Amino acid sequence: MTVAAEERELRDDELNGLELSARLRSIWQTPSGLLGALTSVDHKVVGRRYIVTAFAFLLLGGLLAILMRIQLAGPEKTFLSADKYNQIFTMHGSTMMFLFAVPVMEAFAVYLVPLMVGTRNIAFPRLNAFSYWMFLFGGCFLWISFALNVGPDVGWFAYVPLSSLQYTPTKRPDVWAQMITFTEVAALAVAVEIVVTVFKLRAPGMTLDRIPLFVWAMLVTSFLVMFAMPSIMVASTSLILDRLVNTRFYDSSSGGHPLLWQHLFWFFGHPEVYIIFIPGTGMVSAILATFARRPVIGYPVVILSLIATGFLSFGLWVHHMFVTGLPQLGAGLFTASSMLIAVPSGLQIFCWLATLWDGRPVYRTPLLFVIGFIVIFVLGGLSGVMVASVPIDTQVHDTYFVVAHFHYVLIGGAVFPLIGAVYYWFPKITGRMLSERLGRWNFWLAFVGFNVAFFPMHILGLIGMPRRVYTYTADMDWAHLNLLSSGGAVIFALSFVLLLVNVIMSLRSGTLAGDNPWNASTLEWATSSPPPPQNFDRIPVVKHRDPLWLDNASLPVVAGLSVERREMLVTSLAEAEPQIREASPEPSIWPLLTAIATSVFFIGSIFTPWAVLWGTPPMAVTLIGWFWPSGSKEDEE
Amino acid sequence: MTAAERHPKLLYWAGVALGPLAWGINLQGVYALAHFSCETTKLSGTIMSAVLALVALAGAAISARAVRRGAGPEWTDPQGGGPRTFMAWLGVGSGLLFALAIGNQLAASLMISPCLR
């Protein structure tokens, strides 16, 4: 762009009020109609789609859990066949871990992080759109396969040699492995976007020690995703190669090793737990500060805990392999790390309790879910310290004790904060409040149902009930506890039905929320509910860790951004000092077309290695189309 | 130019970098040395852990020194705005925490024979 042209460009400091708002809206809004919907690169539109899709997968995964609990409610039931049960528990685990837990956390980040750091869109918005389409296609691929009786049946971790061609000659493990590739590509894309958004697009003045705790949590999570997920992509791709073109990565008779799979899988699998849990802690910190009506005590301690947890999570994976015959010294080292991770987690919990203690808590539904989280997660953490110990782990390995433990950690550590987050941020996303009365019912049904469903599993495990059995005989004395557990699962499921009812009713006739219904302190509440396409008419300047509590009425702003094209402000990493103005991409159909081409390539390559040959040119064409200069102002720079 | 600005930026980060790095090397190193140390000396893992615990502590000490030269009170200031001191304090905490983690692994290497399978 020439200097003369730039001089003529209209800036936001030349417009005021409604005129500025209307101008920015027209530039940033997603085009209407079907084509507009398919081309959207607005982080709020993509984030909402991500959230809704992830919750749809939660409902499907939950439905499978209910089917399993019906089957196990009594001895020797024939509600499900052994084969169908194998598929269902694999689909349940895979759906919950890969299609719900990780995506929903990233989805909240996609929606909230740009708002919380005070910018107009996420970094790499077209990559963001591509990520969503890949996630959607991967999830549909898995569930359509299941509907066609090709659903994976080798567990959510697909251990070899069970998943090898020799022992499972169907396409079921291939479906699992390629679904992994889909979802990991999507997750990696979002992780890169979040890191760049947090590092380079923060509002001026939002120094590293003024970043909201939820954003810190998502930053740490994104680094975990970037370092952990390549491991599982390598594993799943090499499994497909073993099965399709007879490589021998996991065949011990040809120089491979089955334990290589377990190392690769769990090097991803254990950080995966923290990829799900750490965003939950960020949500807890955000909710707690608002409803305790004071900043979280120990802001630096919480961040230290997040970073330490992130690092330590990469040194625990072998505790999933204690019974594989590894050297005892090695097991001892991983026991030490596994127990030590309780320290940063404990530090965070003490900070939250101190915040509640010192604050003036208002017990609304989001805070109830946070308190539920603390109770359940501490219980899950305690059983976690137990299974970190080699002698105990050896005894309870592959029993229902472990099933109880990880559901306490994952549902307590992630789902409770998540539901709290739904109640907390629903007004911002939709402009309407959820019903408080239904919310309290929702919480108590969830809390009671969860504990009735999963606490008995500790005892079932200790008295010897193994995981992944589709039935048991009456003389095992497991029937009463299983029936109790199934009853709890139904109550727990009802809590989600109630959440769904609450969401539908509130969307239709909920109380209007206003900009900041909770009197919260972070920047997403400084804009309207729901936010306009441009997020903020003027980019705020941050002078305090809790900017809206400092002085909500006169939040300082920066001026000088273009109102003729999509433009964002890039700031420095540590001090968040303004550096340059950067164009933000326009809507485009190419991310969708690239995702379609990639999906054809991925799915084709589980059937024939030639897919690598004929699948690549369409991907190349769509990528060239994606990056082809379109003559827009963005491309002229 | 203030004293904080004159101080090399990397020193603020020393604890954040050295703590996890030392712990990662210790975890992988002792695990890899287990076979070797069974055949020769049982102390190789122990020595490695002790050295790396000192490295983590050194990271904490360097960050603590950076805090002393910077604007210390920013640590407790809810207003924020002192990112270097903030990162230096994180370095102090990180160095100490990972020294503790290495110490725990050191205890394991003292208690368990590397020859035990």
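What you are looking at is a predicted structure, and each value in this text was computed from that prediction instead of being measured.

1. Examining the overall build of chain A
Phase 1 of the analysis: Along chain A, the regular secondary structure elements total 21 helices and two strands.
Phase 2 of the analysis: Relative to the globule expectation of 26 Å for 637 residues, the C-alpha radius of gyration of chain A, 25 Å, shows essentially globular dimensions.
Phase 3 of the analysis: Counting only C-alpha atoms, chain A reaches 80 × 60 × 50 Å along its principal axes.
Phase 4 of the analysis: A buried classification covers 54% of the 637 residues belonging to chain A.
Phase 5 of the analysis: Long-range contacts, defined as pairs at least 24 residues apart, comprise 80% of the intrachain contacts of chain A with a sequence gap of at least 6.

2. Section: the domain arrangement of chain A
Residues and elements named next belong to chain A.
Phase 1 of the analysis: Each assigned domain of chain A is listed here: domain 1 (3–25 + 43–585) and domain 2 (586–637).
Phase 2 of the analysis: Computed from C-alpha coordinates alone, the two centres of domain 1 and domain 2 are separated by 28 Å.
Phase 3 of the analysis: Among the secondary structure elements, those contributing two or more residues to the side of domain 1 that touches domain 2 are helix 6 (125–147), helix 7 (172–200) and helix 8 (213–245).
Phase 4 of the analysis: Here the side of domain 1 that touches domain 2 takes seven residues from helix 6, the largest share from any one element.
Phase 5 of the analysis: Partitioning the side of domain 1 that touches domain 2 into residue classes produces 12 nonpolar, two polar and five charged.

3. What about the interface of chain B and chain A?
Phase 1 of the analysis: Each side of the interface is counted separately: chain B has 30 residues, and chain A has 29 residues.
Phase 2 of the analysis: Looking at the side of chain B that touches chain A, the elements that each hand over two or more residues are helix 3 (14–39) and helix 5 (83–111) of chain B.
Phase 3 of the analysis: At 14 residues, the largest contribution of residues to the side of chain B that touches chain A is made by helix 5 of chain B.
Phase 4 of the analysis: Considered class by class, the residues forming the side of chain B that touches chain A number 20 nonpolar, nine polar and one charged.

4. Considering the packing of helix 6 of chain A against helix 7 of chain A
All names here are of chain A.
Phase 1 of the analysis: At a minimum axis distance of 8 Å, the contact between helix 6 and helix 7 shows a crossing angle of 160°. It follows from the interaxial angle that helix 6 and helix 7 lie roughly antiparallel. As for the relative orientation of helix 6 and helix 7, their crossing is left-handed in sense. Contacts between helix 6 and helix 7 pair Leu127, Asn128, Phe130, Ser131, Met134, Phe135, Phe137, Gly138, Phe141, Leu142 and Ser145 from the former with Val175, Met179, Phe182, Thr183, Val185, Ala186, Ala189, Val190 and Glu193 from the latter.

5. A short note on the pairing of strand 2 (residues 578–583) of chain A
Residues and elements named next belong to chain A.
Phase 1 of the analysis: Both strand 1 (residues 567–571) and strand 2 contribute to a ladder of five bridges, which runs antiparallel. Residue pairing in the sheet places Thr571 in a bridge with Pro578 of strand 2.
Phase 2 of the analysis: Where strand 1 hands over to strand 2, the hairpin turn is made up of six residues, of which Ala576 adopts a positive phi near 55°.

6. Observations concerning unusual backbone geometry
Residues and elements named next belong to chain A.
Phase 1 of the analysis: Between Val160 and Pro161 the backbone carries a cis peptide bond, its omega angle lying at 5°.
Phase 2 of the analysis: Summarising the element assignment, Pro161 is placed in the loop between helix 6 and helix 7.
Phase 3 of the analysis: Even without being glycine, Arg468 reaches a positive phi, approximately 60°.
Phase 4 of the analysis: Note that Arg468 resides in the loop between helix 16 (436–462) and helix 17 (479–509).
Phase 5 of the analysis: According to the C-beta neighbour criterion, Arg468 is exposed, with 12 such atoms within 10 Å.
Phase 6 of the analysis: Backbone geometry places Asn535, a non-glycine residue, at a positive phi of 65°.
Phase 7 of the analysis: Assignment of secondary structure puts Asn535 in the loop between helix 17 and helix 18 (547–551).

7. Topic: the environment of A:Arg23
Phase 1 of the analysis: Along the chain, the position of A:Arg23 falls in helix 2 (residues 17–28).
Phase 2 of the analysis: Sequence spacing of A:Arg23 and A:Asp537 is 514 residues, and the spatial spacing of their C-alpha atoms is 9.5 Å.

8. Let's talk about the environment of A:Ile66
Residues and elements named next belong to chain A.
Phase 1 of the analysis: Mapped onto the fold, Ile66 is located in helix 4 (residues 43–72).
Phase 2 of the analysis: Residues Ile66 and Ala493, 427 residues apart in the sequence, show an inter-C-alpha distance of 7.9 Å.
Phase 3 of the analysis: Those residues in contact with Ile66, other than ones at most four positions away along the chain, are Ala489, Val490 and Ala493.

Thresholds, definitions, all that
Residues numbered from 1 in each chain as written. Chains lettered and ligands numbered in written order. Predicted model: local features only at pLDDT ≥ 70, side-chain atom pairs only at ≥ 80, totals over all residues. Helix = DSSP H or I, 4+ residues; strand = E, 2+ residues; numbered from the N terminus. Rg over C-alpha atoms; globule rule 2.2 N^0.38 Å. Buried ≥ 20, exposed ≤ 12 C-beta atoms within 10 Å, placed from the backbone. Contact = placed C-beta atoms within 7 Å. Domains from an automatic or database assignment. Nonpolar A, V, L, I, M, F, W, Y, C, P; charged D, E, K, R; others polar. Axes fitted to C-alpha atoms, helices over the stretch in contact; angles between N-to-C directions. Parallel < 35°, antiparallel > 145°, perpendicular 65-115°, else oblique. Left-handed = near helix turned anticlockwise from the far one by under 90°. Pairing = 2+ DSSP bridges.

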